[in-house]
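Working through the structure, step by step
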Amino acid sequence: NHAVTPVVNFADAHLDSTALLLNGTPYVSGTPITQDGEYTLYAFALDQAGNQSDTSVFFHIDQTLPVITISGVEDGALYNHDVIPVITFDDAHLDSTYLTLNDAPYTSGTPVTLDRAYSLYAWATDRAANTAEKSVRFSIDKTPPGPPVMIIPPDSSTVAVTPVTVEGLAEPRAGVTLIVNAGQY
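Let us look at the structure shown here. Quick caveat: nothing in here was measured; it's all calculated off a predicted structure. (Residues numbered from 1 in each chain as written. Predicted model: local features only at pLDDT ≥ 70, side-chain atom pairs only at ≥ 80, totals over all residues. Heavy atoms only, no water.)

What follows deals with the overall build of the chain. A count of helical and extended segments in the chain gives zero helices and 15 strands. For 185 residues, the compact-globule formula gives about 16 Å, and the C-alpha radius of gyration of the chain, at 34 Å, lies well above that figure. Principal-axis analysis of the C-alpha atoms places the extent of the chain at approximately 120 × 30 × 20 Å. Residues classed as buried in the chain amount to 23% of the 185 residues present. Here the analysis covers contacts within the chain between residues at least 6 apart in sequence; of these, 51% occur between residues at least 24 apart. In the structure as shown, the chain presents an accessible area of about 12,600 Å², 54% of it carried by carbon and sulfur atoms. (Helix = DSSP H or I, 4+ residues; strand = E, 2+ residues; numbered from the N terminus. Rg over C-alpha atoms; globule rule 2.2 N^0.38 Å. Buried < 20%, exposed > 50% of the residue type's maximum accessible area, 1.4 Å probe, protein only. Contact = heavy atoms within 4.5 Å. Areas by Shrake-Rupley, 256 points an atom, 1.4 Å probe, with all protein chains shown as cover.)

Looking now at the pattern of salt bridges. Summed over all chains, the structure comprises one salt bridge. Salt-bridge contacts for aspartate 82 lead to lysine 142; the nearest nitrogen and oxygen are separated by 2.5 Å. Residue aspartate 82 is located in the loop between strand E6 (77-79) and strand E7 (86-90), and its partner lysine 142 is located in the loop between strand E11 (131-140) and strand E12 (149-152); the two are separated by 60 residues in the primary sequence. Aspartate 82 sits in the partly exposed class, given a relative accessible area of 39%. The exposure class assigned to lysine 142 is partly exposed, which follows from its relative accessible area of 35%. (Salt bridge = Lys/Arg side-chain N within 4 Å of Asp/Glu carboxyl O.)

The phi angle of most residues is negative, glycine excepted, and most peptide bonds adopt the trans form. Isoleucine 152 connects to proline 153 through a cis peptide bond whose omega is -15°. Among the structural elements, proline 153 can be located in the loop between E12 and strand E13 (167-169). The phi dihedral of alanine 129 is positive, around 70°, even though this residue is not glycine. If you trace the backbone, alanine 129 turns up in the loop between strand E10 (116-126) and E11.

Two elements, strand E3 (residues 37-47) and strand E4 (residues 52-61), share ten bridges in a ladder whose sense is antiparallel. Directly across from threonine 40, in E4, lies its bridge partner phenylalanine 58. Here E3 folds back onto E4, and the loop between the two strands holds four residues, one of which, glycine 50, carries a positive phi near 90°. (Pairing = 2+ DSSP bridges.)

Below is the structure:
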């Protein structure tokens, strides 16, 4: 997962000629190779007696991180319905992936249905040891809020004084509408 600088040495007491090719084009030993890609380094040697030898080395340079895409849920979202997170991993040389939902193994595309907070975590590595990770937190709350409870004045009571103080309890973030003589407040 980094640039390489191949150095090729030819050794023969009666060396006549050599050839060094990188992907079929002349290559100078010690020149850095920095671009991602697949490479073949070929070396050929001929001595004055007509003896010849050659060898090839195949290698990849991969400095690109795997790409992780999560769809079907958004980070920080609150849903009032089931969700189906879909996770995809993309890399030319993908080696392994790891996917959890609330620290338990998860399979992409499996519906998430229970009311609670969730943490979805995805991790990937390729054969060049490039790693990437991505996480999304979301919640599901499909349960409607309970009815508000009137404390002051008690429900269905008659109040003869003005102004009227109204106190009650409701689920956090629930909207409450007060109806008095058919008017909403």
